[in-house]
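Examining the three-dimensional arrangement
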Amino acid sequence: MSDIILDSVSKSYEGKTVLNGISLVFKEGEITCIKGPSGCGKTTLLRILAGLTQKDSGTISGIPERISCVFQENRLCEDFSCISNISAVTGRSIKIETILDHLAELELSGSATESIKNLSGGMKRRVAIARAVCYKSGLLLLDEPFKGLDEKLKLKVMDYVKAHAGGRTIICVTHDNFEAEYMGGTLVDFGEIAY
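Throughout what follows, the structure given in this document is the object of discussion. This one's a predicted model, so the numbers in the text were calculated from it and none came from an experiment.

How each quantity is defined
Residues numbered from 1 in each chain as written. Predicted model: local features only at pLDDT ≥ 70, side-chain atom pairs only at ≥ 80, totals over all residues. Heavy atoms only, no water. Phe/Tyr/Trp six-rings, centres within 6.5 Å; stacked < 30°, edge-to-face > 60°. Helix = DSSP H or I, 4+ residues; strand = E, 2+ residues; numbered from the N terminus. Buried < 20%, exposed > 50% of the residue type's maximum accessible area, 1.4 Å probe, protein only. Lys NZ or Arg CZ within 6 Å of the ring centre and 35° of its normal. Arc of directions from axis to C-beta. Contact = heavy atoms within 4.5 Å. Pairing = 2+ DSSP bridges. Axes fitted to C-alpha atoms, helices over the stretch in contact; angles between N-to-C directions.

The next subject is the packing of aromatic side chains. On inspection of all chains with the given rule, the structure shows 1 aromatic pair. Measuring from centroid to centroid gives 5.6 Å for phenylalanine 178 and tyrosine 182, while their planes differ by 35 degrees, and the two rings are tilted. With a gap of 4 residues between them, phenylalanine 178 and tyrosine 182 both fall in helix H6 (residues 177-183), about one helical turn apart. Residue class for phenylalanine 178 comes out partly exposed when judged on its relative accessible area of 38%. Note on tyrosine 182: relative accessible area 26%, which makes it partly exposed. Sitting over the face of the ring of tyrosine 182, lysine 162 holds its NZ or CZ atom 4.3 Å from the ring centroid.

Glancing now at helix H2 (residues 82-90). Buried within H2 we find Cys82, Ile83, Asn85, Ile86 and Thr90. Take H2 and look down its axis: the buried residues cluster within an arc of 165 degrees, on one side only. On its buried face, H2 sits against helix H3 (96-105) and helix H4 (121-134). Trailing H2 by a residue or two, glycine 91 shows a phi angle of about 60 degrees, which is positive.

Moving on, we come to the sheet that holds strand E2 (residues 16-26). Taken together, the 3 strands give an open sheet; going across it, the order is E2-E1-E4, and neighbouring strands pair in antiparallel fashion. Among the strands making up the open sheet, the edge pair consists of E2 and strand E4 (57-61). Averaged over all pairs of adjacent strands, the angle between their axes in this sheet comes to 20 degrees, without regard to strand direction. Bridge analysis of strand E1 (residues 4-13) against E4 gives 4 bridges, and the strand direction is antiparallel. From the neighbouring strand, isoleucine 5 faces E4, where its bridge partner is serine 61.

This part takes up the sheet that holds strand E8 (residues 186-189). Reading across from one edge, E5-E6-E7-E3-E8 is the order of the 5 strands in this open sheet, with parallel pairing throughout. Taken across any chain shown, the strands that pair with only one partner, and hence form the sheet edges, are strand E5 (67-70) and E8. Taking the axes of each pair of neighbouring strands and ignoring which way they run, one obtains an average angle of 15 degrees across the sheet. Judged from the 4 bridges that link them, E5 and strand E6 (residues 139-143) form a sheet pairing that is parallel. Within the sheet, the bridge partner assigned to valine 70 lies in E6 and is leucine 142. Sheet strands touched by helix H1 (residues 42-49): strand E3 (31-35), E5, E6 and strand E7 (169-174). Its angle to E6, the strand with the most contacts, is close to 155 degrees. The strands touched by H4 are E5 and E6; relative to E5, the strand with the most contacts, the crossing angle is about 170 degrees.

So, in structure tokens, the structure goes:
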């Protein structure tokens, strides 16, 4: 593992510049929160780091081999249970008992074997977060992960993510100043640097 270094990274869509020569360092094993207005390139940057979108120019180094993501959409298998959604990505690397422990921390014990399609939006969100946290990655990318959670649950889930950081690098996109402050680490304001 090492620092993730971006040097002059740019990306445009149909002639519209979304990222314009961004240079950043994400410190190994630390949390970085990125905030800024809609459309300033936060999600695009996460997609580039995840290898889902190609940058137009610039260089990126230090991205670990294993990456886990929480997208703005939950992207869960609706017919699978909570346990099955997590074990689908972890395989046999963690035991079912451990998955149950994670779900219990997120107040989902009573729904562990329930099909995702039967859960509320907030419950689905917590399963998506548990799935990303349980996957043994070197980089955890979080795109507005706490959206739709009430204040009490939000605190619990943020504590859960921090408790299970496990030394990995975490990059969290948020619009919420409180979330950025509570997660700690370095704060990057994309509204100031993206263009």
